[in-house]
Structure formats: structure tokens, C-alpha cells
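One-letter residues, chain by chain:
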Amino acid sequence: MKPKEVRDLLPNALPSIWRFGLSLTGDVDMTNDLAQSTCLRAVEKADQFRFSGSFEGWCLQICRSIWLNELRSRATRQDKVFATIDADLIPDIAPGVEHNLFAKEIIERVMALPDAQRSAVELVFVQEFTYSEAATILDVPIGTIMSRLHAARKALKKFTQTPSFDQRKEKR
Amino acid sequence: MTYSDQDLLAFLDGRLDEKRSAEIEQTMRIDQDLEARVMDLDPVATPVRNAMKAVPGDHVLLDLKRSAPFTLQEKASSLQWSRLAAVLLLGVLLGSGVMWFGRPAPEDWRSRIAQYQSLYVAETVRLTTASAETLERQLDAAVDTLGRPLERQGLDAPASLSLARVQVLGLDDEPLIQIVYQADDGRPFALCITTGTGAGSPDVASSEMLHGLATTAWHDGSFRYILVGGKDLTETEQLALQLKAFL
């Protein structure tokens, strides 16, 4: 892929990159920096993109790689649970949910999950990557994704909603 | 091996026995249809997805897109972006030297800020107005970044403007604080503060229309200030006078 093609695709991928970055960092300012770095790196590495996977998945792999390098440079353990986002900041990052208390509560609970669970939730629940795609992006076994989601489900159980058959048909 | 929806829901809920759960997990690795069924049945996924899709808000994306490496290639997909594209194109045609990635001449700072502010509409401010606590934190962050106090009393001086939010931005390598206001009639205004000195004598304000907005700018020898908003230069001059008294 040429750099120009990557630049053309990045605007649509940016919300996914930002949200995934937030799931990794739990911090808005760090997420902004991470999203910027990811876009820059994606343009620089345009010729390395192969069409075997989705463009967004490739960007998220870059995003995670940059974040891991950042962690290493800070000599921070990978599995450390980072500060969770301040609930008061939610109207700042999602102004549309200010008056939707249910959505606001879900975002609060997701952001309060340990970072490993939060990333799995973001990739599978929100971005609808398959378990195996999420495992590839996070470079962990598929079983790890399953167990992280299982733990996250327990924490988010109060928001359970059984989709109707029609909804399920529409979604995929 | 076939599984009923009840089996899969029990699996997702952790109610299935260990042996059966392990079996489903193994099967999912080779059976994409089963994986898709499990994902569709997940009772937590849909409400979480619906809520999280609101993140990040448009203003976060706007700030990111402003400095991301694809800015010039972005297709204008909204009124704001169409306006930005028009401004950029006009700049190139006129040879004004205002380039998105290039480092503009120092005196272009007013134009660049006015250009950014021209993307704001009443809704932008209404949807991003911070709570009192958040505003306090934003102000603290601005003070830390700028290295000078910003008294709330001074920022609240213009009675016709309501303080909405404070953002830490950057202008080349200098910090830029954007203090966003909303006028009683909804019009957006912003007081922007950055380091350095501008043209002219300290504390002497100058006003001009930039990108369709009234602007009044001044400097105090250490910091540069610009108030942007509305279309009435007399109005920004009067508002700036009130702010200057406290800054």
C-alpha cells in the first residue's frame, strides 16, 4: 500500500485507534499522543501492509506495539493496571452520553476494568473483531482472550441484554 | 458437534461445566460459524458496544484530525471540514504562506487561531461544556502548562460570556491555552494565550477580522493573548478590555 492510500484510510480508522488506545492507557492525554504516533507510524510503514487482515486491525497492532515500547521505555510491567479514567471526564470524551445515564454508567464500568480486560472488551464487544483476530492484535493465545472476556462479563453483568433473533441477524 | 443457544448462553455466563466449556472453546478455534454464533449471543456485547461507540466525541476527533498526518488528504465530510478545506485552498492559491504542516511566520499565529476557532459553532460549545470540577482541573492543567496563574475571577469578568471549557493545545513548540466561552446568544468565543511577544508595544491591543471572525490581540512582553469570536470588532475590543484588567 502507498502512503497516500494509508492517509486516505486513516480518518475512518481514527475512532477505533483512539478508543483502543484509551483501553490500553486509560488516560486521555496519553491516548491522544498514542493515536497520533500510530497514524504517523502507519504512514511510515505503509509498504508493509498486506491485505491478509483488515486495515484497522493492522493499525491496532501498530498502536499496541508503540504502547509496549513506551511501557518498556518506562520500565513498567506490561500487566500493571493503569489508572482508570476519571468518571468526570466522560462528558469530555463522549459529550453525547451526558444525559444518557445508562450509557455513561457502562462507559464508567468499562473504563474501570483492568487494562487487559478493557482491551479485549474494546476489540471483541465494541469493534467486533473475532476472538482469533483479537488474539492476533494483542499477541496472546485465544484462550486468554476468552478468559479476559469471561472476567469482564462478570463485571458488566448488570448491563446484560439478550439480543432478539432479528437483532442478531442484522448485526453480522 | 452441535450446541443449542442455551448451551452457548450458559458457556458465556460461566454456568456450563468445565469439560463442556473447554470443548466449545476448542471447537470455536476451527469453526468460525460457531464463533460467530457465540459472539452474536453474547448478552453483554451489544449494550457495551452501543455505549462505547460514543467515545471519542467529535471534538476529540477534531483536535486529533487537526494535527494528524492525513489532514491534507481528508475528504471534506462535514460542513466544518468543507470550510477548513476552503480556507486551506484559498491560502495556497493566494500564496499566503499558511501551510498546515509547514512552520508559518510568527505573526501568523492570530490567523491560525482564528482559522481553528472558525470551525466552532454554538453546538460545539454546548456539547463540550465542562462541569465545575472538570473545569477546575482543566484550569489547573492550563496553569501548569503555561507557567502563569489564571484567576477564575478574571476569566469570568465579561458578564455576557460564560466560561465553557479550557483546552491545552500547542502552537508550533509553544503551549497554547484555549479558554472557550459561550455568549448569552450561543455564539462561541475563545481567549487564547500563548508564550512570546507579538508585534507592537506591550499592552496595546489591535483588532482585525480574520477568517470571518472579530479578533482582538495584545501581548504583555511574556505572553500573547487573542480574543476571537463574533463579527463585531467593537465587541471583542470591549470584552478584551475587561479580560486584560485581570490577566
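What counts, and where the lines are drawn
Residues numbered from 1 in each chain as written. Chains lettered and ligands numbered in written order. Predicted model: local features only at pLDDT ≥ 70, side-chain atom pairs only at ≥ 80, totals over all residues. Heavy atoms only, no water. Helix = DSSP H or I, 4+ residues; strand = E, 2+ residues; numbered from the N terminus. Expected span 1.5 Å × (residues − 1). Buried < 20%, exposed > 50% of the residue type's maximum accessible area, 1.4 Å probe, protein only. Contact = heavy atoms within 4.5 Å. Pairing = 2+ DSSP bridges. Axes fitted to C-alpha atoms, helices over the stretch in contact; angles between N-to-C directions. Buried area = accessible area lost by both parts, 1.4 Å probe. Salt bridge = Lys/Arg side-chain N within 4 Å of Asp/Glu carboxyl O. Polar contact = N/O pair within 3.5 Å; in protein donor to acceptor, adjacent residues only side chain to side chain. Disulfide = S-S within 2.5 Å. Patch = residues over 30% accessible without salt bridge, like charges linked within 9 Å, V, L, I, M, F, W, Y side chains within 5 Å. Areas by Shrake-Rupley, 256 points an atom, 1.4 Å probe, with all protein chains shown as cover. Lys, Arg positive; Asp, Glu negative; His and termini not counted. Charge placed at Lys NZ, Arg CZ, Asp CG, Glu CD. Parallel < 35°, antiparallel > 145°, perpendicular 65-115°, else oblique. Left-handed = near helix turned anticlockwise from the far one by under 90°. Nonpolar A, V, L, I, M, F, W, Y, C, P; charged D, E, K, R; others polar. Core = buried A, V, L, I, M, F, W, Y, C linked by side-chain atoms within 4.5 Å.

Draft legend 1. Examining helix α3 (residues 55-73) of chain A more closely. Residues and elements named next belong to chain A. In a regular helix each residue adds 1.5 Å, so 19 residues correspond to 27 Å; α3 covers 27 Å between its end C-alpha atoms and thus fits that length. Within α3 the residues assigned to the buried category are Phe55, Gly57, Trp58, Cys59, Leu60, Ile62, Cys63, Arg64, Ile66, Trp67, Leu68 and Leu71. Elements that come into contact with the buried residues of α3 comprise α1 (3-25), α2 (28-44), α6 (115-126) and α7 (131-138).

Draft legend 2. Up close: the sheet that holds strand β1 (residues 161-171) of chain B. All names here are of chain B. As summarised here, the arrangement of the six strands in space is β1-β2-β3-β6-β5-β4, forming an open sheet in which the pairing is antiparallel. Two strands in the sheet have a free side with no partner beyond their single neighbour: β1 and β4 (206-210). Strand-to-strand twist in this sheet, taken as the mean axis angle between neighbours without regard to direction, amounts to 20°. Where β4 meets strand β5 (residues 213-219), five bridges bridge the pair, whose relative direction is antiparallel. Looking at β5, one finds that glutamate 208 is bridged to threonine 215. Lying on the sheet, helix α9 (residues 132-146) is in contact with β1, β2 (174-183), β3 (188-195) and β6 (223-229); it crosses β1 at an angle near 40°. Packing of helix α11 (residues 233-244) onto the sheet brings it into contact with β1, β2, β3, β4, β5 and β6, and relative to β5 it is tilted by some 35°.

Draft legend 3. Layout of the interface of chain B and chain A. Listed per partner, the contact involves 48 residues of chain B and 54 residues of chain A. Summing the contributions of chain B and of chain A, the shared interface buries around 4700 Å²; its carbon and sulfur component is 64%. Contact with chain A buries area across many residues of chain B, yet Met39, Asp40 and Met52 of chain B alone supply 14% of it, more than any other trio. Inspection of the chain B/chain A interface yields three salt bridges. For the salt bridge of lysine 157 of chain A with aspartate 13 of chain B, the shortest nitrogen-to-oxygen distance reads 3.4 Å. At the surface where chain B touches chain A, the tally comes to five residue pairs in polar contact (both at pLDDT 80 or more). Here the side of chain B that touches chain A gets seven residues from one element, more than from any other, and that element is helix α4 (residues 45-52) of chain B.

Draft legend 4. Looking closely at the pattern of salt bridges. Counting across every chain of the model gives 16 salt bridges over all chains. Here arginine 152 of chain B makes a salt bridge to aspartate 156 of chain B, at a shortest N to O gap of 3.0 Å. Judged by its relative accessible area of 37%, arginine 152 of chain B is partly exposed. Across the pair glutamate 235 of chain B and arginine 187 of chain B runs a salt bridge whose closest N-O atoms are separated by 2.8 Å. Taken together, the residues span a long stretch of sequence, with glutamate 235 of chain B in helix α11 and arginine 187 of chain B in the loop between β2 and β3 at a distance of 48 residues. Residue arginine 187 of chain B is classed as partly exposed on the basis of its relative accessible area, which comes to 28%. Residues joined by salt bridges that share partners form a network here, namely Lys157 of chain A together with Asp13 and Arg15 of chain B.

Draft legend 5. Looking closely at the state of the cysteines. Residues and elements named next belong to chain A. Taken as a whole and assessed by the stated rule, the structure comprises zero disulfides over all chains. With no disulfide of its own, cysteine 39 lies closest to cysteine 59 among cysteine sulfurs, the gap being 7.1 Å. Cysteine 39 sits in the buried class, given a relative accessible area of 1%.

Draft legend 6. View of a negative patch on the surface. A contiguous patch of negative charge on the surface is contributed by Glu133, Glu136, Asp140 and Asp144 of chain B. Here glutamate 133 of chain B is to be found in helix α9.

Draft legend 7. Examining the packing of α1 of chain A against α3 of chain A more closely. Residues and elements named next belong to chain A. Look at α1 against α3: their axes get within 9 Å of each other, and the N-to-C directions meet at 45°. In terms of orientation, α1 and α3 fall into the oblique class. Along this stretch, α1 crosses α3, giving a crossing that reads as right-handed. When α1 is examined against α3, the residues Val6, Leu9, Leu10, Asn12, Ala13, Ser16, Ile17, Phe20, Gly21, Leu24 and Thr25 are found in contact with a partner set consisting of Phe55, Glu56, Cys59, Leu60, Cys63, Arg64 and Trp67. Here the contact of α1 with α3 is built from residues that sort into twelve nonpolar, four polar and two charged.

Draft legend 8. View of the nonpolar core. Core analysis: the largest hydrophobic core is formed by 75 residues, its most contacted members being Leu10, Phe55, Val121, Phe125, Tyr131 and Ile145 of chain A together with Val48 of chain B. Of the residues forming this core, the biggest block, ten residues, is contributed by α3 of chain A. Membership of the second largest hydrophobic core comes to 24 residues, among which are Leu155, Leu163, Leu191 and Leu239 of chain B.

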